[in-house]
Amino acid sequence: MIKGTTQLLGVIGYPVKHSMSPIMHNAAIATLGLDYVYLPFPIAPDRLKTAIDGFAAVGLQGFNITIPHKQTIMPLLANVSDVAQAIGAVNTVWWRDGIWWGTNTDAAGFLAPLQALERDWSQSPAMILGNGGAARAVVAACHQLGVPEIMVVGRNGAKLTAFAQSWQQSPLKPNISVHPWDQLDDLLPRVGLVVNSTPVGMAPKPEVSPLTDGQVNLLPSQAIAYDLIYTPRPTRFLQQARGVGLVTFDGLEMLVQQGAAALEIWTQQPAPVDVMRQALLDHLGQ
Ligand code: NAP
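Starting afresh in each chain, residues are numbered from 1 along the sequence in its written order. A pLDDT threshold of at least 70 governs which residues receive local features in this predicted model, and a stricter bar of 80 or more applies before side-chain atom pairs are shown or counted, although totals over entire chains, interfaces and linings include all residues. Derived side-chain values reflect all non-hydrogen atoms in the structure, with water molecules and hydrogen atoms excluded from consideration.

Trainee: Teacher, can you tell me more about the domain arrangement of the chain here?
Mentor: Many structure descriptions define interface size as the accessible area lost when the parts assemble. By the assigned domains, the chain splits into domain 1 (7–104 + 253–284) and domain 2 (108–245). For domain 1 and domain 2, the distance between their C-alpha centroids amounts to 26 Å. What makes two residues a contact is simply this: any of their non-hydrogen atoms within 4.5 Å. Between domain 1 and domain 2, the residue contacts involve 11 residues of the former and 15 residues of the latter. For the domain 1 face of the interface with domain 2, the top three residues by lost area are A86, I87 and M254, together amounting to 49%. Only one rule defines a salt bridge in this text: a Lys or Arg side-chain nitrogen within 4 Å of an Asp or Glu carboxyl oxygen. The interface formed by domain 1 and domain 2 includes 0 salt bridges. Only DSSP runs of H or I with at least four residues qualify as helices, and only runs of E with at least two residues qualify as strands; both kinds are numbered from the N terminus onward. Broken down by secondary-structure element, the contributors of at least two residues to the side of domain 1 that touches domain 2 are α3 (82–87) and α10 (251–267). Element by element, the count of residues in the side of domain 1 that touches domain 2 is highest for α10, at 5 residues. In terms of residue class, the side of domain 1 that touches domain 2 is made up of 8 nonpolar, 2 polar and 1 charged. Domains are outlined according to an automatic or database domain assignment. Here the quantity called buried area is the accessible surface, traced with a 1.4 Å probe, that two parts lose on coming together, added over both. Amino acid classes used here: Ala, Val, Leu, Ile, Met, Phe, Trp, Tyr, Cys and Pro are nonpolar; Asp, Glu, Lys and Arg are charged; the rest, including Gly, are polar.

Next comes the structure, spelled out in structure tokens:
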């Protein structure tokens, strides 16, 4: 029930109506019995500063950020975490001590299911397909996981070079190499983790995959296939990987876990991850 004491959380984006964050956060808030509500805020790019000032004025406790504000919000925050600076994007903001703080929980969200495996990653190079915004969070996560090498595969040489260079100034200093798509066959046999961070395979074109059946067959038997896409579940890529017996993870878990990490920052208590996951599965009709 919304009362006079209810505290505000939310998500900003433009548009924001597609966001599933209100569904999983309000389910979590209800389960925890917290006096909070989580709302969607469509904020046009030229109103971002006005909105942030307004949030401070009305006492909003914190919020998530989605496209197109993940980068442009950074100069408006008083404190941005090292991991968010390394990734170059903020997805979670909170108000404390009279200032806005920001971080990025996408890397933690991506990592959560991999860390649960309790594997030694020191001999397992990671391969990331794509070099966009999500790939940056995956690089930070793979570095934290302790992989010896991160191979980033892309289709645009200039963008790949810029991507590699952008990490040279980073405090993380991940061991990155960049590769054109036609080197895949040579690289796949030594990969311990392969991540699809392209939209290839996403609805409404679920029949395509970033890898051919033959390329999936080149992966070592203990390799893990991870697709950031969450519609459809599973993607064609993950179906191929399961077909040759690989362990797979999809983007729904990353979405749930990045949300759980944000909720824990705001509420300072463990998030009900199972409730958040089930709320999304119910919403998706799965
Ligand atoms: P983005 O910034 O637009 O980057 C997309 C990347 O994919 C770019 O490197 C792009 O290459 C590449 N790409 C696009 N189409 C391709 C094709 N046909 N063949 C090869 N490469 C292609 O997007 P993003 O924000 O990184 O998101 C990527 C995916 O991750 C999306 O499916 C998104 O839904 C998903 N995602 C999931 C979560 C989650 O929580 N599960 C979070 C964030 C993103 P160019 O640079 O050459 O165009």
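Trainee: What is the right way to look at the pairing of strand β7 (residues 126–129) in this model?
Mentor: For a regular strand, side-chain orientation follows a simple rule: the groups alternate between the two sheet faces. A two-sided burial pattern is seen for β7, the buried positions comprising A126 and I128 on one face and M127 and L129 on the other. Sheet analysis places β7 next to strand β8 (residues 150–154), joined by 4 bridges and oriented parallel. Within the sheet, the bridge partner assigned to M127 lies in β8 and is M151. Convention used here: a crossover is right-handed provided that the path from the first strand, over the helix, to the second strand proceeds clockwise when the strands point away from the viewer. Following the chain from β7 across helix α5 (residues 133–145) to the adjacent parallel β8, one finds a crossover that is right-handed. Buried, partly exposed and exposed residues are distinguished by accessible area as a fraction of the type maximum, computed with a 1.4 Å probe on protein chains only: under 20%, between the cut-offs, and over 50%, respectively. A pair of strands is labelled paired if DSSP reports no fewer than 2 bridges between them.

Trainee: Which parts of the structure should I look at to understand the nonpolar core?
Mentor: Across soluble globular proteins, you tend to see nonpolar side chains buried next to one another. Counting residues in hydrophobic clusters, the biggest one holds 32 residues, and the most contacted among them are F110, L114, L193 and Y226. Taken together, the elements giving at least two residues each to this core come down to α3, α4 (106–115), β7, α5, β8, α6 (157–166), β10 (193–196) and β11 (224–227). The greatest single-element share of this core, amounting to 8 residues, is contributed by α5. Setting aside chain neighbours within four positions, we find F110 in contact with V138, A141, C142, L193, V195, Y226, L228 and M254. Judged by nonpolar contacts, the second largest core, of 22 residues, contains L9, Y38, L252 and M276. Throughout this description, the term nonpolar core refers to a set of buried Ala, Val, Leu, Ile, Met, Phe, Trp, Tyr and Cys residues connected via side-chain atoms within 4.5 Å.

Trainee: Even after reading the chapter, I still don't get the pattern of salt bridges, so can you show me in this structure?
Mentor: Once the charged atoms of two side chains with opposite charge are near each other, the side chains can pair. Using the criterion set out here, one finds 7 salt bridges in the structure. D53 serves as the salt-bridge partner of K49, at 2.7 Å between the closest nitrogen and oxygen. Remark: D53 and K49 occur in helix α2 (residues 48–58); sequence separation between them is 4 residues, near one turn of the helix. A residue is classified by how much of its surface remains accessible, and K49, at 47% relative accessible area, is partly exposed. Taken together, the salt bridges that share partners define one network made up of E253, D274 and R277.

Trainee: What is the right way to look at the packing of helix α1 (residues 21–32) against helix α11 (residues 273–283) in this model?
Mentor: How two helices pack is summed up by the angle between their axes together with the distance between the axes. Axes here mean lines fitted to C-alpha atoms, for a helix over just the part in contact, with angles spanning 0 to 180 degrees between N-to-C directions. Look at α1 against α11: their axes get within 8 Å of each other, and the N-to-C directions meet at 135°. On the basis of the axis angle, α1 is oblique to α11. Crossing of α1 against α11: the hand is right-handed. Residues I23, M24, H25, A27, A28 and T31 of α1 form the contact with α11, whose participating residues are V275, M276, A279, L280 and H283. The cut-offs work like this: below 35 degrees is roughly parallel, past 145 is roughly antiparallel, 65 to 115 is roughly perpendicular, and the gaps in between are oblique. By definition, any crossing whose near helix is turned counterclockwise from its far helix by less than a right angle is left-handed, and any crossing with a clockwise turn is right-handed.

Trainee: Teacher, can you tell me more about the packing of aromatic side chains here?
Mentor: To pair, rings of Phe, Tyr and Trp, with the six-membered ring standing in for Trp, must have centres within 6.5 Å; the planes then decide the type, stacked if under 30 degrees apart, edge-to-face if over 60, and tilted in the middle. Evaluation of the coordinates by the stated rule reveals 9 aromatic pairs. Ring centres of Y38 and W266 lie 6.0 Å apart, and the angle between their planes is 50°; on these two criteria the pair is classed as tilted. One end of the pair, Y38, is in strand β2 (residues 36–42); the other, W266, is in helix α10, and 228 residues separate them in sequence. Between F41 and F55 the ring centres are 5.0 Å apart and the planes differ by 50°, which places this aromatic pair in the tilted class. Remark: F55 occurs in helix α2 and F41 occurs in strand β2; sequence separation between them is 14 residues. Overall, the relative accessible area of 18% leaves F41 in the buried class. Ring-pair connections join several aromatic residues into one group, and the members of that group are F41, F55, F63, W95 and W100. Sitting above the plane of the F163 ring, R136 keeps its charged end 5.4 Å from the centroid. As a reminder, the over-ring test applies to NZ of lysine and CZ of arginine, requiring each to be within 6 Å of the ring centre and within 35 degrees of the ring normal.

Trainee: Mind showing me how you'd approach the sheet that holds strand β1 (residues 7–13) here?
Mentor: Two pairing modes exist for strands in a sheet, parallel and antiparallel, and in both the strands are linked by backbone hydrogen bonds. Ordered by their spatial adjacency, 6 strands build an open sheet running β2-β1-β3-β5-β6-β4, and the pairing between neighbours is mixed. The open sheet has two free edges, formed respectively by β2 and β4 (79–80), since each of these has just one partner strand. The pairing of β1 with strand β3 (residues 62–65) spans 4 bridges and is classified as parallel. In the sheet register, V11 faces β3, and the bridge partner there is N64. Against the sheet, α1 makes contact with β1, β2 and β3, and its axis sits at roughly 170° relative to β2, the strand it touches most.

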